[in-house]
Amino acid sequence: MSTPHNWTTYTAFLRTSRASESDLKYFALHPWLAPLLSPGSPYRSVPFFSRLEKGENNTLDRFFNRVINTNDTIPHAIALVPGDEWLALRRKELFASSTSSPSSSQQNVTGEEKEQATTEQETTQKAEYDFILLTSLAPSLSGFTDTAHGGLLSALFDEAMGCCTAAFRNDDDAVQELFTVNLNVTYRRPVPLPGVYAIRVRVEKTEGRKWWLKGELVGGDGVVRTSAESLWVAARKGGL
Ligand SMILES: CCCCCCCCCCCCCC(=O)SCCNC(=O)CCNC(=O)[C@H](O)C(C)(C)COP(=O)(O)OP(=O)(O)OC[C@H]1O[C@@H](n2cnc3c(N)ncnc32)[C@H](O)[C@@H]1OP(=O)(O)O
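Residues numbered from 1 in each chain as written. Predicted model: local features only at pLDDT ≥ 70, side-chain atom pairs only at ≥ 80, totals over all residues. Heavy atoms only, no water.

- You'll find the chain entered in an unreviewed UniProt entry as Acyl-coenzyme A thioesterase THEM4, with Sporormia fimetaria CBS 119925 given as the organism.
- Looking at the chain in UniProt, the text filed under Sequence similarities (unreviewed entry) is "Belongs to the THEM4/THEM5 thioesterase family." (UniProt positions renumbered as here; feature names shortened; annotations may be inferred.)

Encoded structure:
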């Protein structure tokens, strides 16, 4: 077991963490990932939160941080997140008309503010996706021969989407924890093993306690092999 990561809040974790040199070196070997990892990229490379050890007495994320955190399952995984400025603009965009705004200061965005946000978007580096998971998938994740198991792919989408929603919640947030209530995965093409893949996800819209997300998995050939749509619901205030 590795040393537990010393995180306090997810926002602080995103701001202060950097993906490990060994993971970065590994993914940099794949030329198709260069635009995402280069200094000019709109994304920052951070550790994949779910993969971090949370401590012997903390059972959070055990599936991701222990069971499939091995050389013959997922040897390498990192997350790419947009810069703070772009995330702030996306927050404004997503919660402008929603009652599930992540903080009271972001509620009731006026037309003028929307216009300002649009101008800011033109000057801030645009990120097409809200969260990207780069992952290597090793042979022991097979269902059919040398092919990733569909259930594993669903779990990867679920986790990437969960991390994506977490980035939009502020630490002092009125929004409660979010849960997947529906995850619809379309298996378009087999996902060969071993391989390196990007799972890129985006929040499509929010409405009250409900958040809709979309995602797709691609490899170096750019073919969308799997896609997913999900609905997340924020727990009622005061807990479940
Ligand atoms: C430090 C932080 C770390 C951050 C890192 C994060 C990484 C995390 C990664 C984690 C990744 C792992 C993630 C996982 O694996 S999460 C594990 C899998 N998910 C669950 O276990 C969730 C189980 N479900 C529940 O507990 C309840 O349903 C909750 C509490 C979520 C809502 O129950 P609640 O009683 O409060 O709400 P409601 O029933 O009134 O519904 C509310 C609204 O939603 C609509 N609705 C509901 N269901 C569906 C449906 N299926 N299709 C369409 N619509 C649906 C419903 O009609 C209603 O709409 P409206 O009538 O209001 O219009």
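### A word on helix 2 (residues 21–28)
And step 1. Buried residues of helix 2: D23, L24 and F27, and no others. For helix 2, the angular spread of the buried residues around the axis is 100 degrees, confining them to a single face. Summarising the geometry of helix 2, the exposed residues directed more than 90 degrees from the buried face are E21, K25 and A28.
And step 2. Looking at the packing, one finds that the buried side of helix 2 touches helix 3 (34–37), strand 1 (43–47), strand 2 (77–82), strand 3 (131–137) and strand 5 (195–207). (Buried < 20%, exposed > 50% of the residue type's maximum accessible area, 1.4 Å probe, protein only. Helix = DSSP H or I, 4+ residues; strand = E, 2+ residues; numbered from the N terminus. Arc of directions from axis to C-beta. Contact = heavy atoms within 4.5 Å.)

### Some remarks on the packing of aromatic side chains
For any pair of aromatic rings, the description consists of the separation of the ring centres together with the inter-plane angle of the planes.
And step 1. Scanning the model with the defined rule gives seven aromatic pairs in all.
And step 2. When the ring of Y26 is compared with that of F27, the centres are 5.1 Å apart and the planes differ by 80 degrees; the resulting orientation is edge-to-face.
And step 3. Judged by relative accessible area, which is 23%, Y26 ranks as partly exposed.
And step 4. Overall, the relative accessible area of 0% leaves F27 in the buried class.
And step 5. Taken together, a centroid distance of 5.4 Å and an interplanar angle of 80 degrees make the contact between F63 and F64 edge-to-face.
And step 6. For F63, a relative accessible area of 41% gives the class partly exposed.
And step 7. In textbook terms, an aromatic cluster arises when at least three aromatic residues are bridged by ring pairs, as seen for Y10, F13 and F49.
And step 8. Taking the ring centre of F49 as reference, the NZ or CZ of K54 above it sits at 4.5 Å.
And step 9. K205 extends its terminal NZ or CZ atom over the ring of W212, reaching a point 4.5 Å from the ring centre. (Phe/Tyr/Trp six-rings, centres within 6.5 Å; stacked < 30°, edge-to-face > 60°. Lys NZ or Arg CZ within 6 Å of the ring centre and 35° of its normal.)

### With respect to unusual backbone geometry
Most peptide bonds are trans, and most residues other than glycine sit at a negative phi.
And step 1. Here the amide bond leading from L193 into P194 is cis, since omega sits at -10 degrees, within 30 degrees of zero.
And step 2. As for its placement among the helices and strands, P194 is situated in the loop between strand 4 (178–187) and strand 5.
And step 3. For D146, which is not glycine, the phi dihedral falls at a positive 55 degrees.
And step 4. Structurally, D146 is set in the loop between strand 3 and helix 7 (150–166).
And step 5. For D146, a relative accessible area of 49% corresponds to the partly exposed category.

### Focus: the pairing of strand 5
And step 1. Note: strand 3 against strand 5, seven bridges, orientation antiparallel. Counted as the bridge partner of I132 is R200 from strand 5.
And step 2. The sheet contact formed by strand 5 and strand 6 (residues 210–218) spans nine bridges and is antiparallel. Counterpart to K205 in the pairing with strand 6 is W212.
And step 3. Here strand 5 folds back onto strand 6 in antiparallel fashion, the turn holding two residues, of which G208 has a positive phi close to 60 degrees. (Pairing = 2+ DSSP bridges.)

### Details of the environment of A127
And step 1. Structurally, A127 can be placed in the loop between helix 6 (111–123) and strand 3.
And step 2. In this structure, A127 is in contact with P42, Y43, P82 and W86, ignoring residues within four places of it in sequence.

### Some thoughts on the environment of G151
And step 1. Here G151 shows up in helix 7.
And step 2. Taking C-alpha positions, G151 is 9.8 Å from L141, a pair spaced ten residues apart along the chain.

### Describing the pattern of salt bridges
And step 1. Evaluation of the coordinates by the stated rule reveals ten salt bridges.
And step 2. Note that R90 is salt-bridged to E93, the shortest N-O span being 2.5 Å. Here R90 pairs with E93, and both are found in helix 5 (residues 84–95), just three residues apart, close to one helical turn.
And step 3. Under the relative-accessibility criterion, R90 is labelled buried at 2%.
And step 4. Overall, the relative accessible area of 38% leaves E93 in the partly exposed class.
And step 5. Across the pair D130 and R90 runs a salt bridge, and its minimum N-O distance is 2.7 Å. Of the two residues, D130 is situated in the loop between helix 6 and strand 3 and R90 in helix 5; the sequence distance between them amounts to 40 residues. Assigned by exposure class, D130 and R90 land together as buried.
And step 6. If you follow the salt bridges from partner to partner, you end up with E53, E56 and R66 in one network. (Salt bridge = Lys/Arg side-chain N within 4 Å of Asp/Glu carboxyl O.)

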